[in-house]
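Observations on the three-dimensional arrangement
Listed here are the chains, written in short residue letters.
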Amino acid sequence: MFEFTKKLLFARQLKLEKGSIDMLGQKMVIAPVFTFSSMIRNAGNKPEIARLIYNACKTTNKDVQGFTYRVSKLYKAEDAELIKLMASIATMAGWGEINVFKVDAKKKTAVVHIHNSPVAQMIGSAKDPVDHPIRGYMAGAAEVIFNGLERKEWELFDYIETQCISNGSEFCEFVLDRRSNFEKSSDKKIRKLFRSQVA
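What you see is a predicted model; the values in this text were computed from it and never measured. What you see as residue numbers is a count from 1 along each chain, following the sequence as written. The predicted origin of the model limits local features to residues at a pLDDT of at least 70 and limits the giving and counting of side-chain atom pairs to 80 or more, whereas totals for whole chains, interfaces and linings rest on all residues. Values shown for side chains rest on all heavy atoms present in the structure; no hydrogens or waters enter the calculation.

The next point concerns the packing of aromatic side chains. Aromatic rings from Phe, Tyr and Trp, with only the six-membered ring used for Trp, were paired whenever their centres fell within 6.5 Å, and each pair was classed as stacked if the ring planes differed by under 30 degrees, edge-to-face if by over 60, and tilted otherwise. On inspection of all chains with the given rule, the structure shows four aromatic pairs. Taken together, a centroid distance of 5.8 Å and an interplanar angle of 70° make the contact between tryptophan 95 and tyrosine 137 edge-to-face. Of this pair, tryptophan 95 sits in the loop between α5 (79–92) and β4 (97–104) while tyrosine 137 sits in helix α7 (residues 132–147); the two residues are 42 residues apart in sequence, bridging distant segments of the chain. Accessibility expressed as a relative area gives 26% for tyrosine 137, which makes it partly exposed. Taking the centre distance of 5.6 Å and the plane angle of 40° together, the rings of phenylalanine 146 and phenylalanine 157 count as tilted. Helix and strand definitions here come from DSSP, where helices need a minimum of 4 consecutive H or I residues and strands a minimum of 2 consecutive E residues; each element is numbered from the N-terminal end. Burial classes follow relative accessibility: with a 1.4 Å probe on protein chains only, a residue under 20% of its type's maximum area counts as buried, one over 50% as exposed, and anything between as partly exposed.

This part is about the nonpolar core. Buried residues of nine kinds, namely Ala, Val, Leu, Ile, Met, Phe, Trp, Tyr and Cys, make up a nonpolar core once their side-chain atoms join them within 4.5 Å. Ranked by internal contacts, the top residues of the largest apolar core, which has 48 residues, are Val71, Ile89, Val112, Tyr159, Ile160 and Phe174. No other element matches α5, which puts eight residues into this core. Setting aside residues up to four positions removed in sequence, tyrosine 159 forms contacts with Tyr54, Ala110, Val112, Arg135, Met138, Ala139, Ala142, Phe174, Val175, Leu176, Gln197 and Val198. Residues count as neighbours in contact if any of their non-hydrogen atoms are within 4.5 Å of one another.

Glancing now at the environment of methionine 122. Residue placement: methionine 122 occurs in helix α6 (residues 118–123). Given a relative accessible area of 39%, methionine 122 falls into the partly exposed group. Contact partners of methionine 122, with chain neighbours within four places excluded, come to Val33, Phe34, Ser37 and Arg41.

The next thing to look at is the state of the cysteines. Two cysteine sulfurs form what is called a disulfide whenever their separation falls within 2.5 Å. Inspection of every chain in the model, using the stated rule, returns zero disulfides. Free cysteine cysteine 172: the closest other cysteine sulfur is in cysteine 164, separated by 4.0 Å. Assessed through its relative accessible area of 0%, cysteine 172 is described here as buried.

Most of strand β7 (residues 172–178) is tucked away: seven of the seven residues are buried. Two strands pair if DSSP finds at least two bridges between them. Pairing between strand β5 (residues 109–115) and β7: five bridges, direction antiparallel. Within the sheet, the bridge partner assigned to alanine 110 lies in β7 and is leucine 176. Relative to β7, strand β6 (residues 157–163) is paired through six bridges, and the arrangement is antiparallel. In the strand pairing of β7, glutamine 163 is matched with glutamate 173.

Right, dumping it as structure tokens:
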């Protein structure tokens, strides 16, 4: 994590000056985890609020001004390499210890584990998975990674959280797939999670 930070500083891609943080050409702010956890806690068990948070975070990361697009252009990274690079950046930014498993660039799927999720830790015990912001950021990144911005047709990708430390798991697990695959999955648990977290 700190090696990546050093690389950013050396390449002048991380600038801290005049009340501003600029990383990889994008303005950033440091916000307390409590900001996200209080939004989720205030949402209670309302899936529509969880989906709103998820989609807001997803949207901010998937257009031409989005962070993933800029990282892709700067580092000339694609597919699995770009997923791992984005995971390094998210780990550096404090979203937990992010490990990317089972990336299949051909099928366009991935499984991500996050240990020490700050949002889930702050919320504590909960009935349902709670990591909607990072899930949204990762889904927006996945759409850039697997579509590219040059394509005229845009496939929709989503992450669902299948395990969460707020529900007693050892780590938070996120599964990436095409939206259409989640919608018609034969696995009832996957379909239920998709409906509550995305649809």
